[in-house]
Amino acid sequence: MSTATRRFPLTDWTVVVPVVALLALVFSWGRDLPGFAVGLVALCLGGAVLAAVHHAEVVAHRVGEPFGSLVLAVAVTVIEVALIVTLMADGGDKTASLARDTVFAAVMITCNGIVGLSLLVGALRNRVAVFNAEGSGAALATVATLAVLSLVLPTFTTSKPGPEFSTAQLTFAAVASLALYGLFIAVQTVRHRDYFLPVDTGTATERPAGAAAGAAERGGAAGDGDGAGSGGGVAGDDDGEHAAPPTSRAALVSLGLLLVALIAVVGDAKAVSPTIERGVASAGLPNAVVGVIIALLVLAPETLAAVRAARRDRVQTSLNLGYGSAIASIGLTIPAIALATIWLSGPLLLGLGPVHMVLLALTVVVSALTIAPGRATLLQGGVHLVLLAAYLFLAVSP
């Protein structure tokens, strides 16, 4: 019996690991851990990432694409936002730039890391990675608009000194971010759902770039009937998207275990962060490196799920995960932080510095050139990964 249709016994690793990782979070939260305990929590974190990807794929197989990738992106972002607000409430002035650093790290990791890896894997498999230019272009435009409104404009506004928004400006940015996020979800899941479905690679290599929507509709029609329109099938089965979809009960169990695993991922990342902070400080690195490391840990489930989807010739699903995570990160974080400023004290620094603005602009331009043809080679994947490497290097050596 396939992984998608069988029940989850209590001894299954996909059930045990999230629970163990959550228990590790409970016992480690707020404590100064010795070295061996940090190692155990890190192992639990890695297991929770694998379990989260498995359950996300089961849920995705049930609900179909693009809902499947949306489940994982939104679930991770909601928990990440809760973590940011908690840290800002406890950290005072020293966390004034935490929201900015976390959101920008998420944008760079998703738009260059997840997208670059997915294109590289897809191109290695089929020489050319094929996707839907209409849907991916709309997602990229949304990411760029949200990033500029929330992270670039505060550097140039004059109502308050420093890279800060005034209360009125922050309110506008929060409302605009939430409205754009809601509009994107409506377009992605209802009005133009076919733009975000995996492209039929059998016909895409012969078609002109402008015919992406028709190919996506053919792929979507097949997926709607037999579950092939899922977010990459089931963990451990490269042909899982061709198996029968899981039952509603199995999907609900996986959804619950997915939330448990994601809470454990974010919480365990927080638990090991003091050790990371000490290591970064002892190495003489900037404090922003801590945020980058934690962002890499938190985004590990999306990254792994996107790479697995690309291996199954479902690059569009990978791009949905990458750009969808970036949109959710900005579209949900900024409104949440704006609301939290009602009781949070201290400044809220949102504006990027010159180096990061250059990297953001270069990422948007390169991404637009990558998405426009509806297909990409190893070169495009490599260019995005070099941009991510540049961001990581400059975080270490500004």
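See the structure printed just above.
Calculation rules
- Residues numbered from 1 in each chain as written.
- Predicted model: local features only at pLDDT ≥ 70, side-chain atom pairs only at ≥ 80, totals over all residues.
- Heavy atoms only, no water.
- Core = buried A, V, L, I, M, F, W, Y, C linked by side-chain atoms within 4.5 Å.
- Buried < 20%, exposed > 50% of the residue type's maximum accessible area, 1.4 Å probe, protein only.
- Helix = DSSP H or I, 4+ residues; strand = E, 2+ residues; numbered from the N terminus.
- Contact = heavy atoms within 4.5 Å.
- Phe/Tyr/Trp six-rings, centres within 6.5 Å; stacked < 30°, edge-to-face > 60°.
- Polar contact = N/O pair within 3.5 Å; in protein donor to acceptor, adjacent residues only side chain to side chain.
- Salt bridge = Lys/Arg side-chain N within 4 Å of Asp/Glu carboxyl O.
- Expected span 1.5 Å × (residues − 1).

Trainee: Honestly, the nonpolar core in this entry has me stumped. Any pointers?
Mentor: Inside soluble globular proteins, nonpolar side chains tend to come together where they are buried. Core analysis: the biggest nonpolar cluster contains 60 residues, and Tyr323 and Tyr391 have the highest contact counts within it. Elements with a contribution of two residues or more to this core: helix 3 (67-91), helix 4 (98-126), helix 5 (133-156), helix 6 (167-191), helix 10 (288-298), helix 12 (315-340), helix 13 (354-371) and helix 14 (378-396). Looking at this core, the element that brings in the most residues is helix 12, giving 12 residues. For Tyr323, the residues in contact, after removing those within four places along its chain, are Cys111, Val115, Ser136, Ala139, Leu140, Val143, Ser367 and Ile371. Ala21, Ala56, Ala271 and Leu321 belong to the second-largest nonpolar core, a separate cluster that totals 37 residues.

Trainee: Any chance you could explain the packing of aromatic side chains here in plain terms?
Mentor: Under the definition given, this model contains two aromatic pairs. Measuring from centroid to centroid gives 5.7 Å for Phe184 and Phe196, while their planes differ by 90°, and the two rings are edge-to-face. In this pair, Phe184 is assigned in helix 6 and Phe196 in the loop between helix 6 and helix 7 (201-204), connecting sequence segments 12 residues apart. Taking relative accessible area as the criterion, Phe184 reaches 6% and is therefore assigned buried.

Trainee: Can you walk me through the environment of Lys160 in this structure?
Mentor: Within the secondary structure, Lys160 is located in the loop between helix 5 and helix 6. With residues near it in sequence (within four places) discarded, Lys160 still touches Phe165 and Ser166. Here Glu164 takes part through its side chain, which lies 3.4 Å from a polar atom of the side chain of Lys160.

Trainee: How should I be thinking about the pattern of salt bridges in this particular structure?
Mentor: Side chains that differ in sign of charge can pair as their charged atoms come close. Per the counting criterion, the structure on display carries three salt bridges. The shortest N-O distance in the salt bridge between Asp313 and Arg125 comes to 2.9 Å. With Asp313 in the loop between helix 11 (300-311) and helix 12 and Arg125 in helix 4, this pair connects stretches of sequence that are 188 residues apart. The partner of Lys160 in a salt bridge is Glu164, and the shortest N-O contact between them spans 3.4 Å. Of the residues examined, Lys160 reaches a relative accessible area of 34% and is grouped as partly exposed.

Trainee: Please clarify how helix 13 should be interpreted in this entry.
Mentor: One turn of the α-helix equals 3.6 residues, which is why residues spaced by three or four share an orientation. The terminal C-alpha atoms of helix 13, which comprises 18 residues, lie 26 Å apart, in line with the 26 Å expected from a rise of 1.5 Å per residue. Regarding helix 13, the residues found buried are Met357, Leu359, Leu360, Thr363, Val366, Ser367, Thr370 and Ile371. Of the surrounding elements, those touching the buried residues of helix 13 are helix 4, helix 5, helix 12, strand 2 (375-376) and helix 14.

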